[in-house]
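As a plain string of letters, each chain reads:
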Amino acid sequence: VLRKVLLVSFWLGPFYITVRFLLGERDVTNIICMCICYSIWGLDLILSIVTKILHIVGSYKQYKVCKDGLEYLKAVHAARYRLYFTGTKEKVEEYSAKIERLGTVLLNVCEGSISNNQLSKKHTQKVKEILNQTKKLMTTVH
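It should be emphasised that the depicted structure is a prediction, and the values quoted were computed from it without experimental measurement. (Residues numbered from 1 in each chain as written. Predicted model: local features only at pLDDT ≥ 70, side-chain atom pairs only at ≥ 80, totals over all residues. Heavy atoms only, no water.)

S.K.: Looking at this model, I keep getting lost on a nonpolar patch on the surface. Mind explaining?
M.R.: A surface patch of nonpolar side chains, amounting to about 680 Å² of accessible area, comprises Leu7, Phe10, Trp11, Val28, Ile32, Ile36 and Ile40. Listing elements by their share of the nonpolar patch, those giving two or more residues are α1 (2-22) and α2 (28-86). Here the element with the most residues in the nonpolar patch is α2; it accounts for 4 residues. Tracing the sequence through the fold places Ile40 in helix α2. The exposure class assigned to Ile40 is partly exposed, which follows from its relative accessible area of 43%. (Patch = residues over 30% accessible without salt bridge, like charges linked within 9 Å, V, L, I, M, F, W, Y side chains within 5 Å. Areas by Shrake-Rupley, 256 points an atom, 1.4 Å probe, with all protein chains shown as cover. Salt bridge = Lys/Arg side-chain N within 4 Å of Asp/Glu carboxyl O. Helix = DSSP H or I, 4+ residues; strand = E, 2+ residues; numbered from the N terminus. Buried < 20%, exposed > 50% of the residue type's maximum accessible area, 1.4 Å probe, protein only.)

S.K.: Could you clarify how one ought to interpret the side chain of Thr18 in this entry?
M.R.: With respect to the helices and strands, the residue Thr18 is situated in helix α1. What Thr18 contacts, discounting residues up to four positions off in sequence, is Met34 and Tyr38. (Contact = heavy atoms within 4.5 Å.)

S.K.: Sorry, what's going on with the confidence of the model for the chain here?
M.R.: Should the pLDDT be low somewhere, the predicted coordinates at that spot are not to be read in detail. Here the chain averages 87 in pLDDT, while 99% of its residues score no lower than 70. Put simply, α1 is where the chain has its lowest mean pLDDT, 84, and α2 is where it has its highest, 90. (pLDDT = per-residue confidence, 0-100.)

S.K.: Quick question: what am I supposed to make of the packing of helix α3 (residues 89-115) against helix α4 (residues 121-139) here?
M.R.: Taken N-terminus to C-terminus, the directions of α3 and α4 make an angle of 155°; their axes are 10 Å apart at the nearest point. By the angle between their axes, α3 is roughly antiparallel relative to α4. For the pair α3 and α4, the crossing hand works out as left-handed. Touching Ile99, Glu100, Gly103, Thr104, Leu106, Leu107, Cys110, Glu111 and Ile114 of α3 are Thr124, Val127, Lys128, Ile130, Leu131, Thr134, Lys135, Leu137 and Met138, all from α4. Here the residues of the contact of α3 with α4 are counted per class, giving 10 nonpolar, 4 polar and 4 charged. (Axes fitted to C-alpha atoms, helices over the stretch in contact; angles between N-to-C directions. Parallel < 35°, antiparallel > 145°, perpendicular 65-115°, else oblique. Left-handed = near helix turned anticlockwise from the far one by under 90°. Nonpolar A, V, L, I, M, F, W, Y, C, P; charged D, E, K, R; others polar.)

S.K.: Got a minute to help me understand the packing of aromatic side chains in this structure?
M.R.: A ring pair, where both rings are aromatic, is described by two values, the distance of the centres and the angle of the planes. Counting across every chain of the model gives 3 aromatic pairs. A centroid spacing of 5.4 Å and a plane angle of 90° characterise the contact between Tyr81 and Phe85, whose relative ring orientation is edge-to-face. Here Phe85 and Tyr81 lie together in helix α2, a separation of 4 residues that amounts to about one turn. Phe85 sits in the exposed class, given a relative accessible area of 62%. Here the basic side chain of Lys98 rests over the ring of Tyr95, its NZ or CZ set 6.0 Å away from the ring centre. (Phe/Tyr/Trp six-rings, centres within 6.5 Å; stacked < 30°, edge-to-face > 60°. Lys NZ or Arg CZ within 6 Å of the ring centre and 35° of its normal.)

S.K.: How should I be thinking about the environment of Lys122 in this particular structure?
M.R.: Within the secondary structure, Lys122 is located in helix α4. Through-space distance from the C-alpha of Lys122 to that of Tyr63 is 9.9 Å; in sequence the pair is 59 residues apart.

S.K.: Looking at this structure, I do not really get α1. What am I missing?
M.R.: In an α-helix, one full turn covers 3.6 residues, which means residues spaced three or four apart are oriented alike. Between its terminal C-alpha atoms α1 stretches 30 Å, which fits the 30 Å expected from 21 residues at 1.5 Å a residue. Among the residues of α1, those classed as buried are Pro14, Ile17 and Thr18. Here the buried face of α1 lies against α2. Directly beyond the C-terminal end of α1, a positive phi value near 100° is found at Gly24. (Expected span 1.5 Å × (residues − 1).)

S.K.: What is the right way to look at the nonpolar core in this model?
M.R.: In globular proteins that are soluble, nonpolar side chains generally tend to be buried together. Ranked by internal contacts, the top residues of the largest apolar core, which has 15 residues, are Leu106, Cys110, Val127 and Ile130. Where this core is concerned, the elements lending two or more residues are α2, α3 and α4. The contact partners of Ile130, leaving out residues within four places of it in the chain, are Tyr63, Cys66, Lys67, Leu70, Leu106 and Cys110. (Core = buried A, V, L, I, M, F, W, Y, C linked by side-chain atoms within 4.5 Å.)

S.K.: Looking at this model, I keep getting lost on α3. Mind explaining?
M.R.: Compared with the 39 Å implied by 1.5 Å per residue over 27 residues, the 38 Å span of α3 between its first and last C-alpha is a close match. Of all the residues in α3, the buried ones are Val92, Ile99, Gly103, Leu106, Leu107, Cys110, Ser113 and Ile114. Residues of α3 that are buried make contact with α2 and α4. Looking one or two places after α3, you find Asn117, whose phi comes out positive at around 55°.

As structure tokens, this is what we get:
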């Protein structure tokens, strides 16, 4: 209850002071209070904008990590496929183990990003597609 009362007074106080200022009842105390209130509001607005921008940038970076991881996994998968025809069995097994490790890490990172709500809605859908492609690459041989 106290929090609600303080919030209402925080919104109505500067409004009352501004109305008095506009009506010509200029007082040094009112002017100082009005400047302080508007400065706090401006700072709050700036901080909320910066926070939203940082969230958008962080979301894109997390998506980019998942996307780059998938591209690298595809490259390793293609290299393993070529090794079936030109390489030795040991090399194929080495690349298979590498695909397994990379796929597991990629799945963990992508699932963690989705479960922690670090992504925007658009990036969440794309990361879900990356998860499906990763699972598919981990289960297919070629």
